[in-house]
Amino acid sequence: MFRKISMVFLASLLVISTGFFSANTTKAAESTTSKVVYLTFDDGPNRYTPKILDILKRKKAHATFFMIEGNIKRNPKTVQRMIKEGNYPALHSVSHDVRKLYRGSSNNVAIEMEKTRQTLLRVSKFNSKLTRVPYGSKPYMKKPLRDALAKKGFKMWDWDVDTLDWKYNRTRPSIITSRVKSGIRGKKGPIVILFHDSRGTAQQLPIIIDYLHSKGYKLAVYNPKNHFVKNFWNDKRF
């Protein structure tokens, strides 16, 4: 009788323990995921990109760069350095023009991204399929445009936090940092932050990276093997 009671007690203890460790493991996994931030930069490479790369290297951080096709051609050494130092090169169109991209043929975006992909491949031997459409996917990327982009096998990222650095980088760059701090508050990760290759952003970037590290965030770089959906349409194809 005593042995039977002991066996029941041990079994109950095992169930409780297993539940405890499973719950904690799940919480740990959720906590880790929510503490991941992706720094992303649009419109380069340009004269500010090397400065941004210097900061990333010094801070042992990496980023994802969504690049304009013409800028890739004009700055091949910067693109090569970017990749060599562990950053991810991605695509941001040829024209960056609303009329050329989103009006007329539903193939326009896909055609521009394919041309950008080919230029990047020629310059760096890196085949990237990650895109960010200019001005974000809403409201412009209606279904026919998304269908054409998906048919070509491209992925498409938007963002969670818009720093508005295009607006404040010359006049009030400290607002860029303020918007990062307020933007990540209360958000569950992974969190994608939108920057541009600009002077004010380069100025604020060390402060931002230090702040994110102080709050326990891991700064990740895009990896196609661990792709996750991050577009305003929540289109699972991307």
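Structure's up top.
One structure accompanies this document, and this report is about it. Note that the structure is a prediction, hence the values are computed from the model and not measured.

Criteria and thresholds
Residues numbered from 1 in each chain as written. Predicted model: local features only at pLDDT ≥ 70, side-chain atom pairs only at ≥ 80, totals over all residues. Heavy atoms only, no water. Helix = DSSP H or I, 4+ residues; strand = E, 2+ residues; numbered from the N terminus. Buried < 20%, exposed > 50% of the residue type's maximum accessible area, 1.4 Å probe, protein only.

Observations concerning the environment of Asp-235
Examined against the element boundaries, Asp-235 turns out to sit in the segment after β8 (218–220). Residue classification places Asp-235 among the buried residues on the basis of a relative accessible area of 9%. C-alpha separation for the pair Asp-235 and Lys-143, spaced 92 residues apart in sequence, amounts to 9.5 Å.

Considerations on unusual backbone geometry
Geometrically, the link from Lys-138 to Pro-139 is a cis peptide bond, its omega value of 10° lying close to zero. Tracing the backbone through its elements, the reader meets Pro-139 in the loop between β4 (130–131) and α7 (143–151). Omega for the bond connecting Gly-189 with Pro-190 falls within 30 degrees of zero, at -5°, which places this linkage in the cis form. Note that Pro-190 resides in the loop between α9 (174–184) and β7 (191–196). Look at Lys-125: it is not a glycine, yet its phi comes out positive at around 65°. Looking at the element boundaries, Lys-125 is found in the loop between α6 (108–124) and β4. At Asn-234, a position not held by glycine, the phi torsion is positive, near 55°. Following the sequence through the fold, Asn-234 ends up in the segment after β8. Looking at Asn-234, the relative accessible area reads 45%, which means it is partly exposed.

These figures capture arrangement, not role.
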